[in-house]
Amino acid sequence: MRIYDRKNTAELTAIVCNKCGRRIPVIKGVPQEDALHVEKSWGYFSRKDGERHSFDICEECYDKWMAGFEEPALTEENVELI
Ligand SMILES: [Zn+2]
């Protein structure tokens, strides 16, 4: 869950993990920990047609979630261009 400044609604101030509730501070627009952000617009062949869901998961909860996957997530190394 993303928390925005009440006055400047475009300014992200914190990320709260939807799984464990832990708050990750955002200082000057930079989250102090990386987290997974998911946005999903459900479509016609679902029971949630027309709904848009979004959530954030901290890295610790992500690791626990992934450990329960029958098939592991595809993992590739990012290649940074110079
Ligand atoms: Zn968490």
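Data block above holds the structure.
Everything in this summary refers to the structure shown in the same document.

Reading guide: rules and limits
- Residues numbered from 1 in each chain as written.
- Predicted model: local features only at pLDDT ≥ 70, side-chain atom pairs only at ≥ 80, totals over all residues.
- Heavy atoms only, no water.
- Donors = N, O, S within 2.8 Å, 3.2 Å for Na, K, Ca; no water.
- Buried < 20%, exposed > 50% of the residue type's maximum accessible area, 1.4 Å probe, protein only.
- Salt bridge = Lys/Arg side-chain N within 4 Å of Asp/Glu carboxyl O.
- Helix = DSSP H or I, 4+ residues; strand = E, 2+ residues; numbered from the N terminus.
- Pairing = 2+ DSSP bridges.

1. Quick look at the coordination of the zinc ion
Octahedral metals with six donors have ideal donor angles of 90 or 180 degrees. Tetrahedral metals with four donors have an ideal donor angle of 109.5 degrees.
For step 1, the next point in the chain: Within the protein, the zinc ion binds to Cys17 (SG), Cys20 (SG), Cys58 (SG) and Cys61 (SG); these donor distances fall in the range 2.3 to 2.4 Å.
For step 2, the next point in the chain: One chain supplies every donor for the zinc ion, spaced along it as C-x2-C-x37-C-x2-C.
For step 3, the next point in the chain: With relative accessibility at 3%, the residue cysteine 17 sits in the buried group.

2. A short note on the pattern of salt bridges
Where charged atoms from two side chains of opposite charge approach closely, those side chains can pair.
For step 1, the next point in the chain: Counted by the stated rule, this structure contains four salt bridges.
For step 2, the next point in the chain: Between arginine 2 and aspartate 56 there is a salt bridge; the shortest N-O distance is 3.0 Å. In this pair, arginine 2 sits in strand S1 (residues 2-4) while aspartate 56 sits in strand S6 (residues 52-58), placing the two residues 54 residues apart along the sequence.
For step 3, the next point in the chain: On the accessibility criterion, arginine 2 (30% relative accessible area) is partly exposed.
For step 4, the next point in the chain: On the accessibility criterion, aspartate 56 (1% relative accessible area) is buried.

3. A few points about the pairing of strand S3 (residues 23-27)
For step 1, the next point in the chain: Burial of S3 is one-sided: the residues Ile24 and Val26 facing one way are buried, the residues Arg23, Pro25 and Ile27 facing the other way are not.
For step 2, the next point in the chain: In the sheet, strand S2 (residues 12-16) pairs with S3 via three bridges, with the strands oriented antiparallel. Of the residues in S3, the one forming a bridge with isoleucine 15 is isoleucine 24.
For step 3, the next point in the chain: Following S2, the chain reverses through six residues before pairing antiparallel with S3; glycine 21 in that reversal takes a positive phi of roughly 85 degrees.
For step 4, the next point in the chain: Two elements, S3 and strand S4 (residues 30-31), share two bridges in a ladder whose sense is antiparallel. Paired with valine 26 across the bridge in S4 is proline 31.
For step 5, the next point in the chain: Two successive antiparallel strands, S3 and S4, enclose a turn made up of two residues, where lysine 28 displays a positive phi of approximately 50 degrees.

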